[in-house]
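# Observations on the three-dimensional arrangement
Letter by letter, the chains look like this.
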Amino acid sequence: MGAPVHAQHRLSGIAPTDVLQTLLTDSPDEAAALLRRGHLVAFPTETVYGLGADATNPDAVSAIFRAKARPTDNPLIVHLAHASEIAKVAYHVSPSARALIRAFFPGPLTVVLRKRPSLLSTVTAHLGTVAVRVPAHPMASRFLSACACPVAAPSANRSGRPSATTWEAARDDLDGRIAAILRCAPSMEGIESTVVDCSRPEPELLRAGAISLEAIRTVVPNIAVASVAPNHAVRSPGMRYRHYAPSARVALVDTAKEAVPHPLHAYIGLERPSCTDTFGLCHHALDAPGYGHVLFSFFRQCEKAGIRAIFCQAVPETGIGRALMDRLRRAAAPQ
Ligand code: TXA
Ligand code: MG
């Protein structure tokens with residue numbers, strides 16, 4: 001690994017799926033140049049790493065779905081360098097959307113707005129809406145500015161797997177399938193952005209995320225919370241898939257005592273189990289944000305260690321705890 005970009009990238013503009021070797025780069029300009037030539041590039045954000053493509057290039061957008069093995073009915077978030085660029089992809093920014101954008105952009109919030117007809121329908125899985133986000137991560141901002149185009153980006157993991165919160169995790173899932181990975185430190189939040197649908201008169205929370213519902217309510221007190229009932233599946237297609245799941249079985253427990261000690265079992269939670277040594281891997285987080293920060297990388301660490309069962313302590317569903325419990329429940333859902 002760490003080899004320079006495959007010579008063909010620079011010489012011939014080969015099709016994005018023909019990539020043979022994935023470049024690891026620290027240069028946002030180099031990564032952006034590849035993306036502008038139609039290639040896929042993983043890049044850091046404050047939530048999780050994204051897998052970016054030029055949202056105006058149909059081949060590049062299709063390549064995202066192939067590289068991740070992602071169902072094509074699951075729409076992508078469009079990432080922008082500045083909120084001032086929203087009008088390029090969306091229109092009719094409602095008063096509540098405006099208030100949320102003013103309060104939380106740049107940052108770990110995604111707003112769903114009405115889509116401009118000129119935006120590729122494959123980006124939005126043929127929905128009439130588009131999800132938009134402006135990351136606050138300095139490297140993401142430099143990269144997106146250098147791209148100078150809207151960047152369609154899901155999380156940089158194979159579909160259904162835990163999100164990539166480090167460049168190494170993105171490489172583990174996507175090496176040889178994408179042109180480059182823009183390397184940076186692990187994502188600070190470790191949990192994806194909060195998704196709020198602002199395309200209708202009443203804003204609705206579609207995915208709990210790094211910004212708490214309580215914080216969103218200080219700006220839009222009337223926000224509704226989408227149920228995970230099947231009739232909501234079309235409005236937030238990603239939420240109907242099993243997600244965030246490592247190869248080991250994930251089990252939710254209320255207390256550390258319920259976790260079954262065994263060398264092939266792991267435990268993660270806020271409470272410290274009395275016999276930490278008897279678990280193959282054990283992580284005791286200091287608080288819920290710390291738990292969220294390490295969760296996905298802990299799942300991946302467990303896979304590498306051959307762990308068979310991961311016991312995860314449930315947390316109260318307030319603040320980041322709401323998003324954390326959503327991810328834990330999905331990871332623990334039956335196949
Ligand atoms: O933090 C994040 O949001 C990361 C970073 C890379 O920005 N991205 C991310 O993307 O988590 P992804 O594709 O893994 O999840 C996007 C979620 C999916 O549940 C998808 O269905 C939903 O957003 N979504 C995207 N566009 C939508 C739309 N137009 N309407 C409703 N839901 C949408
Ligand atoms: Mg994802």
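Data block above holds the structure.
Read on for an overview of the structure. Everything numeric here is computed off the predicted structure, so don't read it as measured data.

## A few points about helix H5 (residues 138-147)
- All buried positions along H5 are accounted for by Met-139, Ala-140, Phe-143, Leu-144 and Cys-147. Looking straight down H5, one finds that the buried residues subtend no more than 125 degrees of arc, so they occupy a single side.
- Residues of H5 that are buried sit in contact with helix H2 (28-36), strand S2 (41-43), strand S4 (77-79), strand S8 (151-152) and strand S9 (180-182).
- Directly beyond the C-terminal end of H5, a positive phi value near 55 degrees is found at Ala-148.

## Observations concerning empty space enclosed by the protein
- Enumeration over the complete set of coordinates arrives at one cavity of 30 Å³ or more.
- By volume, the largest cavity amounts to about 40 Å³.
- Lining the largest cavity, in full, are Thr-194, Leu-205, Ala-208, Gly-209, Ile-211, Ser-212, Leu-213, Gly-319, Arg-322 and Ala-323.
- Broken down by class, the residue content of the lining of the largest cavity amounts to five nonpolar, four polar and one charged.

## Focus: the pattern of salt bridges
- Tallying each qualifying case throughout the model produces ten salt bridges.
- The shortest N-O distance in the salt bridge between Asp-26 and Arg-183 comes to 3.0 Å. Separated by 157 residues along the polypeptide, Asp-26 in the loop between strand S1 (23-25) and H2 and Arg-183 in the loop between S9 and strand S10 (194-197) bring together distant segments of the chain.
- Judged by its relative accessible area of 26%, Arg-183 falls in the partly exposed class.
- One salt bridge connects Glu-46 with Arg-133, and the closest N-O pair in it is separated by 3.5 Å. With Glu-46 in the loop between S2 and strand S3 (50-54) and Arg-133 in strand S7 (residues 129-133), this residue pair connects regions lying 87 residues apart in the sequence.

## Regarding the packing of aromatic side chains
- Tallied over the full model, the rule gives three aromatic pairs.
- The ring centre of Trp-167 lies 5.3 Å from the NZ or CZ of Arg-183, which sits over that ring.

## Quick notes on the sheet that holds strand S15 (residues 279-284)
- On the basis of which strands lie adjacent, the open sheet formed by four strands has the order S13-S16-S14-S15 and parallel pairing. Each edge of the open sheet is held by one strand with a lone partner, namely strand S13 (249-253) and S15. Each adjacent strand pair in this sheet contributes to an overall mean axis angle of 20 degrees, direction not counted.
- In this sheet, S15 lies alongside strand S14 (residues 262-269) in parallel orientation, the contact comprising five bridges. Residue pairing across strands places Tyr-267 opposite Cys-282, the latter belonging to S15.
- Against the sheet, helix H8 (residues 288-304) contacts S13, S14, S15 and strand S16 (309-313), and its axis sits at roughly 165 degrees relative to S14.
- Sheet contacts for helix H9 (residues 321-332): S13 and S16; angle to S13, the most-contacted strand, approximately 135 degrees.

## Notes on H9
- Relative to the 16 Å expected for twelve residues at 1.5 Å per residue, H9 spans 16 Å between its end C-alpha atoms, a close match to the ideal helical length.
- For H9, the buried fraction is high: nine of the twelve residues fall into the buried class.
- Of the residues making up H9, those classed as buried are Gly-321, Ala-323, Leu-324, Met-325, Asp-326, Arg-327, Leu-328, Arg-330 and Ala-331.
- Packed against the buried residues of H9 are strand S11 (204-207), S13, H8 and S16.

## Points about the packing of H8 against H9
- Remark: H8 packs on H9, axes separated minimally by 10 Å, with the N-to-C direction vectors making an angle of 25 degrees. Accordingly, the angle class assigned to the pair H8 and H9 is roughly parallel. For the element pair H8 and H9, the recorded crossing hand is left-handed. Here Ala-288, Tyr-291, Gly-292, Leu-295, Phe-296 and Phe-299 of H8 lie close against H9, whose contacting residues are Leu-324, Arg-327, Leu-328 and Ala-331.

Thresholds applied
- Residues numbered from 1 in each chain as written.
- Chains lettered and ligands numbered in written order.
- Predicted model: local features only at pLDDT ≥ 70, side-chain atom pairs only at ≥ 80, totals over all residues.
- Heavy atoms only, no water.
- Buried < 20%, exposed > 50% of the residue type's maximum accessible area, 1.4 Å probe, protein only.
- Helix = DSSP H or I, 4+ residues; strand = E, 2+ residues; numbered from the N terminus.
- Arc of directions from axis to C-beta.
- Contact = heavy atoms within 4.5 Å.
- 1 Å grid on protein atoms, 1.4 Å probe; cavity = no way out; pocket = protein on both sides within 12 Å on 5 of 7 lines; lining within 4 Å.
- Points joined across faces, edges and corners; volume = space filled by probe spheres on them.
- Nonpolar A, V, L, I, M, F, W, Y, C, P; charged D, E, K, R; others polar.
- Salt bridge = Lys/Arg side-chain N within 4 Å of Asp/Glu carboxyl O.
- Phe/Tyr/Trp six-rings, centres within 6.5 Å; stacked < 30°, edge-to-face > 60°.
- Lys NZ or Arg CZ within 6 Å of the ring centre and 35° of its normal.
- Pairing = 2+ DSSP bridges.
- Axes fitted to C-alpha atoms, helices over the stretch in contact; angles between N-to-C directions.
- Expected span 1.5 Å × (residues − 1).
- Parallel < 35°, antiparallel > 145°, perpendicular 65-115°, else oblique.
- Left-handed = near helix turned anticlockwise from the far one by under 90°.

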